[in-house]
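Summary of the model geometry
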Amino acid sequence: MENLKVGEIVRAVGGRLLCGDPDTVISYISIDSRDIQENTLFTPIIGERVDAHKFIGQVFEAGAKAVFTSKGEIVDETKPHIFVKDTQRALGDLAIYYRSKYPVPVIGITGSVGKTSTKEMIAAALAPKYRVLKTAGNQNSNIGVPLTLFRLGPEHEMAVVEMGISDFGEMDELAEFAAPETAVVTNIGVAHIGILKSQENIMHEKLKIAGNFKPGQALYLNGNDPLLKSAAVQYPENARLFGHEEDGCMDGLDYYAKDIYICDGMQHFTYVWPQGQIHVVIRQLGMHNVNNAVVAMAIAMEYGLDAKTAAEGLLAYEGIPMRQQINHLRDGIKVIDDTYNASPDSIKSGVTVLGLLDNPGRKIAVLADVLELGDMSWQCHYDTGCFVAESGVDEVVTVGQEMKALVQAVNEHAPQIVTHNFSENDQAAGYLKGIIKPGDALLVKGSRGMHQEEIVKALKEYFG
């Protein structure tokens, strides 16, 4: 982050300086009392369980130079206290101001599944030509997006920003903060349906990413998603459909993949755009990753890269930890670590990738509860189980109460598939250690709160 003075920050957020020197220099914004660096402005977020205002004294002792506060209490009169009505909103307002100092093109990414991998692929395709800022990890919320924007600097020429929502109205704020000039919607699934109630509501909220678009600004929509394909007519001057051919059909797609196959553990396809086509190779398996690569190619070429250079950028991308990362253990055992998070749709994608592995042994799906599905949880898990039943896996090992619905579906629709349900990760890991054989392949996946990485760690330690 480039230097800002406290007085400048006060004006940017419409706040009031209660005490301290307005010329105090700020070069880092933190919401975490344990993350205090040189010249830090601390923003205390009021959460459901903790009001971080109680840490203000602690952050000053750790070296923080200034704080936002909505309480009006002065902890140290020598340090700037900036009074605001809402500290979280002040964080966003400051991000809007800071973003205006670096008016680089911003590409916004949203969708129920695949935001992070799409963001990474777009950044990789652009990297041969541009110095790209991209969202770190999954800082994609109304707190994470401002923190991403604060990392902008004079060295950056473009930004690829992940924008995730879980409630009504959140995308309005994110679009205001990031002001994307190009946007991608990867798909419409059922993540957060417990709050948003329907896929139509989810789509409506996510499409607000393009709420302020002018004619000609590109809104890339996944044309293999029926909801998004039908929504494209609402954006006649913006929508561009991407995807892959299905059963020889690519009806309506502006950018698509065809002739898709796997060779030497990598995904190959022909990328087709209105003016031509080119052979592309990526290291990530699965049709969802093909779609990610297609939109990355389209955007890279929109911003001036030739197809060959963009494809080389994609081939160089090796993936990120805990996102369908394939671990090769002894005796030919393969473990797909896809433990970062889960939704019904991403479980289906993971199971599909498991089926693509060329291992000689069994295919075992190790799955844990998908959280935040509300009243739809049982039905979503059961429906996912119906998909798993038809996937060709040999065994399903689950962890958690909600996964019992998935197991029920598998038992009813594919009784030949071995199933086991456990309440704890260590129980599942202990069982797996006893039954895994040379040549077996496993997918390990569950919601972040289920900590499925514990199972991956146990298997890596045991099988080397």
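Reading the values: the criteria
By convention here, each chain's residues receive numbers from 1 onward along its written sequence. For this predicted model, a pLDDT threshold of at least 70 governs which residues receive local features, and a threshold of 80 or more governs which side-chain atom pairs are given and counted, while totals over whole chains, interfaces and linings are taken from all residues. The side-chain values count all of the structure's non-hydrogen atoms but skip hydrogen atoms and water molecules. Only the stretch in contact is used when a helix axis is fitted, and all axes are lines through C-alpha atoms; the angle between N-to-C directions ranges over 0 to 180 degrees. Runs of H or I in DSSP of at least four residues are treated as helices and runs of E of at least two as strands, each being numbered from the N terminus. Roughly parallel means an angle under 35 degrees; roughly antiparallel, over 145; roughly perpendicular, 65 to 115; everything else is oblique. Crossing handedness follows the turn of the near helix against the far one: under a right angle anticlockwise gives a left-handed crossing, and clockwise gives a right-handed one. Should any heavy atoms of two residues lie within 4.5 Å, those residues are counted as being in contact. In this count, Pro and Cys sit with the nonpolar residues alongside Ala, Val, Leu, Ile, Met, Phe, Trp and Tyr, while Asp, Glu, Lys and Arg are called charged and the others, Gly among them, polar. Each residue after the first adds 1.5 Å to the expected span of a helix. A simple rule labels every residue: compare its accessible area, found with a 1.4 Å probe on the protein chains alone, to the largest value its type can have, and call it buried under 20%, exposed over 50%, or partly exposed in between. UniProt positions are given in the numbering used here, feature names are shortened, and annotations may be inferred rather than shown by experiment. We treat two strands as partners when DSSP finds at least two bridges between them. As used in this record, nonpolar core signifies buried Ala, Val, Leu, Ile, Met, Phe, Trp, Tyr and Cys residues forming a set joined through side-chain atoms within 4.5 Å.

As for the packing of helix H12 (residues 344–356) against helix H13 (residues 377–389)
Following both chains from N to C, one finds H12 and H13 inclined at 15 degrees, their axes separated by 10 Å at the closest point. By the angle class used here, H12 and H13 are roughly parallel. Here H12 runs over H13; the crossing is right-handed. Taking contact as the criterion, the partners of Pro344, Ile347, Lys348, Val351 and Thr352 in H12 are, on H13, Cys380, Thr384, Phe387 and Val388. Residue composition of the contact of H12 with H13, grouped by class: 6 nonpolar, 2 polar and 1 charged.

Observations concerning H12
The terminal C-alpha atoms of H12, which comprises 13 residues, lie 19 Å apart, in line with the 18 Å expected from a rise of 1.5 Å per residue. Regarding H12, the residues found buried are Pro344, Ser346, Ile347, Ser349, Gly350, Val351, Val353 and Leu354. Check the buried side of H12 and you find it contacts helix H10 (287–302), strand E18 (334–337), strand E19 (363–368), H13, helix H14 (403–413) and strand E22 (441–445).

A short note on the UniProt feature "domain: Mur ligase C-terminal" (unreviewed entry) in the protein chain
Within the UniProt annotation, "domain: Mur ligase C-terminal" (unreviewed entry) is assigned to residues 323–448. When the span residues 323–448 is considered, its composition is 38% helix and 23% strand, and the gap between its end C-alpha atoms is 12 Å.

What to know about the sheet that holds strand E6 (residues 66–69)
If you walk across this open sheet you meet the 5 strands as E2-E7-E6-E5-E4, and the pairing is mixed. Strand pairing shows two members of the sheet lacking a second neighbour, strand E2 (16–19) and strand E4 (28–30), which therefore form its edges. Each neighbouring strand pair of the sheet contributes to a mean axis angle of 25 degrees, computed without reference to strand direction. The pairing of E6 with strand E7 (residues 81–83) spans 3 bridges and is parallel. Bridge pairing in E7 links threonine 69 to phenylalanine 83. Of the strands in this sheet, E2, strand E5 (40–42), E6 and E7 are in contact with helix H1 (residues 6–13), which crosses E7 at around 10 degrees. Sitting on the sheet, helix H3 (residues 87–101) is in contact with E4, E5 and E6, with an inclination near 120 degrees to E6.

Regarding the sheet that holds strand E11 (residues 182–185)
Spatially, 9 strands are ordered E9-E10-E8-E11-E12-E13-E14-E15-E16 in an open sheet, and the strand pairing comes out mixed. Two strands close off the open sheet at either side, each with one partner strand: strand E9 (132–134) and strand E16 (276–282). Going from strand to strand, the sheet's axes swing by 20 degrees on average, the running direction of each strand aside. Where E9 and strand E10 (residues 158–162) come together, 3 bridges link them in parallel fashion. What sits directly across from leucine 133, in E10, is alanine 159.

Quick notes on the nonpolar core
Residues Leu41, Phe68, Ile82, Leu94, Met163, Leu207 and Leu219 are the most contacted members of the largest nonpolar core, which totals 84 residues. Residues contacting leucine 41, with those up to four places away along its chain left out, are Ile9, Ile26, Tyr28, Ile29, Ser30, Ala66, Val67, Phe68, Ile82 and Leu94. One finds Met121, Val160, Ala257 and Ile282 within the second-largest nonpolar core, a separate group that totals 40 residues.

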